[in-house]
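# Structure at a glance
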Amino acid sequence: MTSTVSTSSAAFSQFTQLAATAHPHEANAMPLSHSAQPLVSFKDVTKRYGNFTVLDKLNLDVAPGEKVAIIGPSGSGKSTLLRVLMTLEGIDEGQIQVDGESLTHMPGRGGLLVPANDKHIRRVRGKIGMVFQSFNLFPHMTALQNVIEAPVHVLGMKAKEARERAADLLELVGLGTKLEHYPSQLSGGQQQRVAIARALAMRPKVMLFDEVTSALDPELCGEVLNVIRKLGAEHKLTMLMVTHQMGFAREFADRVCFFYKGQIHEQGTPSQIFENPQQERTCAFLSAVKEAN
Amino acid sequence: MNSFFDWQYALQILPDLLRASLNTLGITLIGFVIAIVLGLFLAIGRRSKHYWLSWPTTLVIEFIRSTPLLIQVYFLYYVLPNYGVSMSAMQVGIIGIGVHYACYIAEVYRSGLDAVPRAQWEAVTALNMTPYIAYRNIILPQAFRPILPPLGNYLIAMLKDTPVLSAITVVEIMQQAKNIGSESFRYLEPITMVGLFFLALSIVLAYLVRRLELRLELR
């Protein structure tokens, strides 16, 4: 008796899940048709910490220029998704592709895919930039030096050109007057904006934002979110952001993915997810967040 | 001759002692350069994610740290020639003390490197830096400042360990003092002077290290 009930409810949830995911694909039909290839693609990606499965056969395609917000309870694998994409951590199964190239594998002898070596990873990883929750600026360098460092030593840019571009980028994030300040002389919001400029200086195709306002006082969140808004409007950057700022996700993202137990439990346009969530877990999470605010 | 401390005798042996003190100073400085360079490679090797590198490095560090310097230099000077490796006492002394202290200093580097937050490594990875650039420009500058005081300690400890090398006939200041003493049967003056020499040099080195610390702390 009980088993029939559980199977039927499972079937029901599967159905609603399909229904919920059908829409975003329609919504994505437009950008996808311009370039058939997704810029970022997770294929059956599994990541475990010991016995704990953080990412469970996860599939996700992100179209060029798409802004994807990732929400969900803590421990659901949101940040891990960004961390494995940035290659801060390896994956146990599956494959990740960036801009048509495998990030995790490379062609080996006889055309078989083998795990990627450092050189291959470094080449593909150059297309990805990341901004962290705790800024992670280099404390012994000024704002300007922070932004110049990688373009000069990784991209091989001339110092003068790197300096000019860095100054422009810092201007873009509203810190044109703080070039010579050390991180310890800047507020959290300012440090985070330097970190955004630093990531942009590497000309990434995809930017990852990992809870970038979580370590900030509420009154400083706005200045960081404004910079991200500006980037979204002015650049054709593809963005993946893990965020607890539901208001921002709703207004900014093209697509919202709700993570639960290492999988995308439900996804859709912001209005679908926030106004008309289909999954029980999604509803529970959103109402819990609403209560907390 | 009857006075407690014979100043005339002291003045007479001073040139010989000073000449030998140059050896002491040279051994210390060259040995320390070996120690801080080799120590860095040992520390980075020990931290490597490749087991074929980290295991042997760990083994070498622990082996050398766990055996006395005296036995090591004895081995290098008196045993190795039987196997076709022969060096002068001075060469053995500098290499021996340098490598010995490299292993201690490797552990100091390790503590400094461990103190750099993991988040810095993540930033470095996200900016796609090679390990070489990452260590040189980002990680080491941050690791270096907090380990300056212990590095200074090892410099002074190393200076005071150089008399060990008299056991393998290196004529550093202590060996010279013993030679002088055994010729004239007066040990008070030469040994006292050697003690004062070490005291003075240690104070000077400590002062220089302190000044370097202050300069690096400015930022």
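The structure under discussion appears in the preceding block.
One structure accompanies this document, and this report is about it.

The rules we used
- Residues numbered from 1 in each chain as written.
- Chains lettered and ligands numbered in written order.
- Predicted model: local features only at pLDDT ≥ 70, side-chain atom pairs only at ≥ 80, totals over all residues.
- Helix = DSSP H or I, 4+ residues; strand = E, 2+ residues; numbered from the N terminus.
- Buried ≥ 20, exposed ≤ 12 C-beta atoms within 10 Å, placed from the backbone.
- Contact = placed C-beta atoms within 7 Å.
- Pairing = 2+ DSSP bridges.
- Axes fitted to C-alpha atoms, helices over the stretch in contact; angles between N-to-C directions.
- Core = buried A, V, L, I, M, F, W, Y, C linked by C-beta atoms within 7 Å.

## Focus on the environment of Leu216(A)
Residue and element names in this part refer to chain A. Considering the arrangement of structural elements, one finds Leu216 in the loop between strand S9 (206-210) and helix H7 (218-234). By C-beta crowding, Leu216 is classed as buried, having 21 other C-beta atoms within 10 Å. In this structure the C-alpha to C-alpha distance between Leu216 and Glu180, which are 36 residues apart in sequence, comes to 22 Å. Once residues lying within four places of it in the same chain are set aside, the contact partners of Leu216 are Gly188, Gly189, Gln192, Cys221 and Val224.

## Examining the interface of chain B and chain A
A common way to state how big an interface is: give the accessible area lost once the parts meet. Each partner contributes residues to the interface: chain B has 15 residues there, and chain A has 20 residues. Those elements that place two or more of their residues in the side of chain B that touches chain A are helix H5 (118-126) and helix H6 (131-161) of chain B. For the side of chain B that touches chain A, the element with the most residues is H5(B), which contributes 6 residues.

## Remarks on the pairing of strand S1 (residues 40-49) of chain A
Inspection of the sheet shows S1(A) paired to strand S2 (residues 52-62) of chain A by 7 bridges, in the antiparallel sense. When the bridges of S2(A) are listed, Arg48(A) appears paired with Thr53(A).

## Regarding the sheet that holds S9(A)
All names here are of chain A. Sheet architecture is open: 6 strands sit in the order S8-S9-S10-S3-S11-S12, paired in mixed fashion. Only two strands of the sheet have a single partner each, and these edge strands are strand S8 (128-131) and strand S12 (263-268). Averaged over all neighbouring strand pairs, the angle between strand axes comes to 20°, with direction disregarded. Relative to S12, strand S11 (residues 255-260) runs antiparallel, the two sharing 5 bridges. Directly across from Phe259, in S12, lies its bridge partner Ile264.

## Details of the nonpolar core
Ranked by internal contacts, the top residues of the largest apolar core, which has 116 residues, are Ile70(A), Val147(A), Leu170(A) and Leu208(A). For this core, the element with the highest residue contribution is helix H4 (residues 89-115) of chain B, accounting for 12 residues. When neighbours within four sequence positions are excluded, Leu170(A) is seen to be in contact with Ala143(A), Leu144(A), Val147(A), Leu175(A), Gly176(A), Leu179(A), Val194(A) and Ala197(A). By size, the runner-up hydrophobic cluster in this structure holds 8 residues, among which are Leu17(B), Ala20(B), Met174(B) and Ile180(B).

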